[in-house]
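The lines below spell out each chain.
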Protein chains: 2
Amino acid sequence: MDTRHMHYFMALAETLHFGRAAKLLHMTQPPFSRQIALIEQKLGVKLFERNSRHVTLTPAGKHFLDDCRTVIAQFDAACRDVRLVASGMKGELRFGFMMHAAHSVVPRLVQRYSEIRPDVRLVLEERTPTEIDDMLMVGKLDAAVTFAPGYSPHLRTIHLAKEKLRMIMRADHACANKRMIGPDDLCHERLIATPTSVAPTLRSAIASYFAAGGISPNFVLEPRLQHTIIKLVAEGLGVALIPESLCSMLDESLVSKPLRTAPTLDVVLCAPITSANPAVSALMDIAAQSSC
Amino acid sequence: MDTRHMHYFMALAETLHFGRAAKLLHMTQPPFSRQIALIEQKLGVKLFERNSRHVTLTPAGKHFLDDCRTVIAQFDAACRDVRLVASGMKGELRFGFMMHAAHSVVPRLVQRYSEIRPDVRLVLEERTPTEIDDMLMVGKLDAAVTFAPGYSPHLRTIHLAKEKLRMIMRADHACANKRMIGPDDLCHERLIATPTSVAPTLRSAIASYFAAGGISPNFVLEPRLQHTIIKLVAEGLGVALIPESLCSMLDESLVSKPLRTAPTLDVVLCAPITSANPAVSALMDIAAQSSC
DNA sequence: CCATCTGATACCTTCAGAGTATTGGTTAAG
DNA sequence: CTTAACCAATACTCTGAAGGTATCAGATGG
């Protein structure tokens, strides 16, 4: 049995006339009759009652007709969908992003993408920049928003936004009244920052800032999450430099101040150049348009 | 495209090795490779990334694999089910019964049938005996429980039970204290009975009873439903002869009395001899066993 | 550089399935 | 009752899709 046989059966079940059914299938009646007989023989079931004048469905044939219709519909859908998946109109996109981007560029990007690709299931994964790099490399992610990595020839990157760093401190901190902060203001501060193992680009931007000011920074705590950094600053355990987009969500006990010659990080969308997932390209296109 | 092609695709998708996949399908590698290439060509989609050393699924291929599995499963189920329907193990049975049988033989019969044929959907239709005859004739019913009809060569009938008629009257009726009723007790009674057009067998049994006693009965009301007959007797509009199985559901305001030489009706299960529905035979078998 | 593994190609072969001609059974009109 | 028309089944032929064999060509590891 095969789907072709189902089409033969359905044609006869719907016309109840061998000649017309054969014509529908662009063939002649004798081979068509043979095929119907073969189908009944292979299934071991009589599907039609017939004499040389009338053709009717048996109860088994009626039931089979219903089943054939659903099977054929699903079969056709599968053949149609595989084309849609190949064209990127349907499928799955595993999309990574770092927490720093969750409140700025990611919602816009996800929103616009799911508008033009409603049949692509977005699997969102919030991870650290280092995890994102690894997952992109081994193919566990199709695309991700992260800080611009260093040299990475296997990735295509599109610039999305620039993020200046700002200093955050408790409202009762000595510097809380200053208009602007410089490296020298920070030389005796207890600093909180993510470790290189979590966000190398961010960490090295902070380190460079102090190096440029001739300061050797005093990192006292190195939590993995930005969230935790803000909590620890609020507890009075130190101060931190964080991306400006995160400053809007601080409560009143904390203040953020701009930095003189503030270090700037590039937030980029990146995907493996060799990505086999056709759903990626539309995402890159959106990002490319937005960045213009 | 055809289900065979799906099987080819699935074999390769699951082994990721042309030679082994071909062996699974009991064929050699070269024609198998050709078939895979043809599938990709017909779909217009690359399903596998491959070189002479490694075979992997593309995202479109992964998606197609899922779809193929469900399509093939449904396809196989359809071919399996059509056999079940043909054998009577699955399908639909349109089962008619008259109200007189609803409280006696029908529940038992339906119960036992659905135990041994759980996959046959029973469509129950309560109708009058005349409607049942018509529906059996035109094929709107597969089987029915009714009073034994007269000569009906197109029906196979199996005896299920005998029903004696009893007389019902209000508790304040003059005959309410008698132990047994004869035709002569009824000669001046206002009688209520279903018309011949609704239940010919029942009506003629009643008529014969009076004829045998030399009485010409006085039918004053002829409602279609037994239910209505009982209601009307309770209202004091007359008396009636009804099957004994209905007497158990009378309330206290009514009494039923046995009849001398009570007329007896045969309750039978009947189905068209030429019934094409294979689900019928098991029902007939059950009925045949019970009647022994 | 060679042995080996593996998918692709070239060429041959076979049988499933389509076509043509015809038969046989059923129905309806004359 | 006969006949014409219709329709499914059968007999036979033929074509091409699909499988087999032999071989090639690219990749990998020693």
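Everything numeric here is computed off the predicted structure, so don't read it as measured data. (Residues numbered from 1 in each chain as written. Chains lettered and ligands numbered in written order. Predicted model: local features only at pLDDT ≥ 70, side-chain atom pairs only at ≥ 80, totals over all residues. Heavy atoms only, no water.)

Digging into the interface of chain A and chain B
Here is step 1 of the chain: Taken together, the contact pairs 30 residues of chain A with 30 residues of chain B.
Here is step 2 of the chain: At the boundary of chain A with chain B, total buried surface from both sides reaches about 2,500 Å², with 73% on carbon and sulfur atoms.
Here is step 3 of the chain: Broken down residue by residue, the surface that chain A buries against chain B is led by A:Asp2, A:Phe75 and A:Val82, which jointly contribute 20%.
Here is step 4 of the chain: Where chain A touches chain B, the interface holds zero salt bridges.
Here is step 5 of the chain: Per-element accounting of the side of chain A that touches chain B gives the leading share, 16 residues, to helix H4 (residues 59–87) of chain A.
Here is step 6 of the chain: Residues that form the side of chain A that touches chain B fall into these classes: 17 nonpolar, six polar and seven charged. (Contact = heavy atoms within 4.5 Å. Buried area = accessible area lost by both parts, 1.4 Å probe. Salt bridge = Lys/Arg side-chain N within 4 Å of Asp/Glu carboxyl O. Helix = DSSP H or I, 4+ residues; strand = E, 2+ residues; numbered from the N terminus. Nonpolar A, V, L, I, M, F, W, Y, C, P; charged D, E, K, R; others polar.)

Some details on helix H4 (residues 59–87) of chain B
Here is step 1 of the chain: Taking 1.5 Å per residue as the helical rise, H4(B) with its 29 residues ought to reach 42 Å, and the 43 Å between its terminal C-alpha atoms agrees with that figure.
Here is step 2 of the chain: Two residues or fewer past H4(B), B:Gly88 is found with a positive phi of approximately 85 degrees. (Expected span 1.5 Å × (residues − 1).)

Some points on the UniProt feature "domain: HTH lysR-type" (unreviewed entry) in chain A
Here is step 1 of the chain: Mapped onto this structure's residue numbering, the UniProt feature "domain: HTH lysR-type" (unreviewed entry) falls at residues 1–58 of chain A.
Here is step 2 of the chain: Along residues 1–58 of chain A, the helical share is 60% and the strand share 10%, with 19 Å between the first and last C-alpha atoms. (UniProt positions renumbered as here; feature names shortened; annotations may be inferred.)

Let's talk about the packing of aromatic side chains
To describe a pair of aromatic rings, you give the distance between the ring centres and the angle between the ring planes.
Residue and element names in this part refer to chain A.
Here is step 1 of the chain: This structure, assessed with the given rule, holds twelve aromatic pairs over all chains.
Here is step 2 of the chain: Judged by centre distance (6.1 Å) and plane angle (85 degrees), the rings of Tyr-8 and Phe-32 are edge-to-face. Placement of Tyr-8 in helix H1 (residues 3–15) and of Phe-32 in helix H3 (residues 29–43) is noted, with a sequence separation of 24 residues between them.
Here is step 3 of the chain: Where Tyr-209 meets Phe-210, the ring centres are 6.1 Å apart and the plane angle is 65 degrees; that geometry is what we call edge-to-face. One exposure class covers both Tyr-209 and Phe-210, and it is buried. (Phe/Tyr/Trp six-rings, centres within 6.5 Å; stacked < 30°, edge-to-face > 60°. Buried < 20%, exposed > 50% of the residue type's maximum accessible area, 1.4 Å probe, protein only.)

Digging into the domain arrangement of chain A
Here is step 1 of the chain: By the assigned domains, chain A splits into domain 1 (3–87), domain 2 (90–153 + 272–291) and domain 3 (161–265).
Here is step 2 of the chain: Placing a centre on the C-alpha atoms of domain 1 of chain A and another on those of domain 2 of chain A gives a separation of 46 Å. (Domains from an automatic or database assignment.)

Details of the protein's contact with DNA strand D
Here is step 1 of the chain: In the vicinity of DNA strand D, 23 residues are found, and the nearest of them are A:Gln29, A:Arg50, B:Tyr8, B:Thr28 and B:Arg34.
Here is step 2 of the chain: Expressed as a percentage, the sugar and phosphate content of the atoms of DNA strand D within 4 Å of the protein is 64%.
Here is step 3 of the chain: A:Phe18 is positioned with one of its backbone polar atoms (N or O) 3.1 Å from a phosphate oxygen of DNA strand D.
Here is step 4 of the chain: Those elements that provide at least two residues to the surface near DNA strand D are helix H2 (18–24) and H3 of chain A together with helix H1 (3–15) and helix H3 (29–43) of chain B.
Here is step 5 of the chain: Across the surface near DNA strand D, the residue classes tally to seven nonpolar, ten polar and six charged. (Near = heavy atom within 4 Å. Polar contact = N/O pair within 3.5 Å; in protein donor to acceptor, adjacent residues only side chain to side chain.)

Considerations on the protein's contact with DNA strand C
Here is step 1 of the chain: In the vicinity of DNA strand C lie 24 residues, with A:Tyr8, A:Arg34, B:Gln29, B:Arg50 and B:Arg53 positioned nearest.
Here is step 2 of the chain: In the model, a phosphate oxygen of DNA strand C is placed 3.2 Å from a nitrogen or oxygen of the B:His17 side chain.
Here is step 3 of the chain: In the environment of DNA strand C, a phosphate oxygen lies 3.3 Å from a nitrogen or oxygen atom belonging to the backbone of B:Phe18.
Here is step 4 of the chain: Broken down by secondary-structure element, the contributors of at least two residues to the surface near DNA strand C are H1 and H3 of chain A together with helix H2 (18–24) and H3 of chain B.
Here is step 5 of the chain: Residue composition of the surface near DNA strand C, by class: seven nonpolar, eleven polar and six charged.

Some points on the relation of the copies chain A and chain B
Here is step 1 of the chain: Each copy superposes on the other: chain A lies on chain B with an RMSD of 0.2 Å after a rotation of 180 degrees and an axial shift of 0.1 Å. Given the turn and translation reported, the copies of this chain are related as if by a two-fold rotation axis.
Here is step 2 of the chain: Comparing contact sets, 100% of the residues at the interface of chain A also lie at the interface in chain B, consistent with an isologous, same-surface contact. (Least-squares fit on C-alpha atoms with pLDDT ≥ 70 in both.)

Points about the environment of A:Leu259
Here is step 1 of the chain: Within the secondary structure layout, A:Leu259 lies in the loop between strand E10 (254–258) and strand E11 (264–272).
Here is step 2 of the chain: Taking C-alpha positions, A:Leu259 is 24 Å from A:Gly150, a pair spaced 109 residues apart along the chain.

Considerations on the side chain of A:Arg203
Residue and element names in this part refer to chain A.
Here is step 1 of the chain: Take Arg-203: it is sitting in helix H7 (residues 200–212).
Here is step 2 of the chain: The class for Arg-203 is buried, based on a relative accessible area of 11%.
Here is step 3 of the chain: When near neighbours in sequence (up to four residues on either side) are disregarded, Arg-203 contacts Ala-193, Thr-194, Pro-195, Thr-196, Phe-219 and Glu-222.

Remarks on unusual backbone geometry
Residues and elements named next belong to chain A.
Here is step 1 of the chain: Within the chain, Leu-16 stands out as a residue other than glycine whose phi angle is a positive 55 degrees.
Here is step 2 of the chain: Tracing the backbone shows Leu-16 in the loop between H1 and H2.
Here is step 3 of the chain: Owing to a relative accessible area of 35%, Leu-16 belongs among the partly exposed residues under this scheme.

So, the side chain of B:His5
Here is step 1 of the chain: Tracing the chain through its elements places B:His5 in helix H1.
Here is step 2 of the chain: In this view, B:His5 contacts B:Gln35, B:Ile39 and B:Lys42; residues no more than four positions away in its chain are not counted.

Here's the deal with the pairing of strand E6 (residues 155–170) of chain A
Residue and element names in this part refer to chain A.
Here is step 1 of the chain: When E6 meets E11, the two strands line up antiparallel, connected through nine bridges. Residue Lys-164 lies in a different strand from E11, and its bridge partner there is Thr-264.
Here is step 2 of the chain: Pairing of E6 with strand E9 (residues 239–243) involves four bridges; the strand directions are antiparallel. Paired with Arg-166 across the strands is Ile-242, a residue of E9.
Here is step 3 of the chain: As defined by bridge partners, E6 adjoins E10 across five bridges and the pair is classed as antiparallel. The residue of E10 that forms the bridge with Arg-170 is Leu-254. (Pairing = 2+ DSSP bridges.)

Topic: the packing of H4(A) against H4(B)
Relative placement of two packed helices is described by the angle separating their axes and the distance separating the axes.
Here is step 1 of the chain: The interhelical angle for the contact between H4(A) and H4(B), taken along N-to-C directions, is 175 degrees, at an axis separation of 9 Å. Taken together, the axes of H4(A) and H4(B) are roughly antiparallel relative to one another. (Axes fitted to C-alpha atoms, helices over the stretch in contact; angles between N-to-C directions. Parallel < 35°, antiparallel > 145°, perpendicular 65-115°, else oblique.)

A closer look at the environment of B:Thr56
All names here are of chain B.
Here is step 1 of the chain: Structurally, Thr-56 is set in strand E2 (residues 55–57).
Here is step 2 of the chain: C-alpha of Thr-56 to C-alpha of Glu-14: the two residues are 42 residues apart in sequence and 10.0 Å apart in space.
Here is step 3 of the chain: The contacts of Thr-56, once residues within four sequence positions are left out, are Leu-16, Leu-47, Phe-48 and Glu-49.

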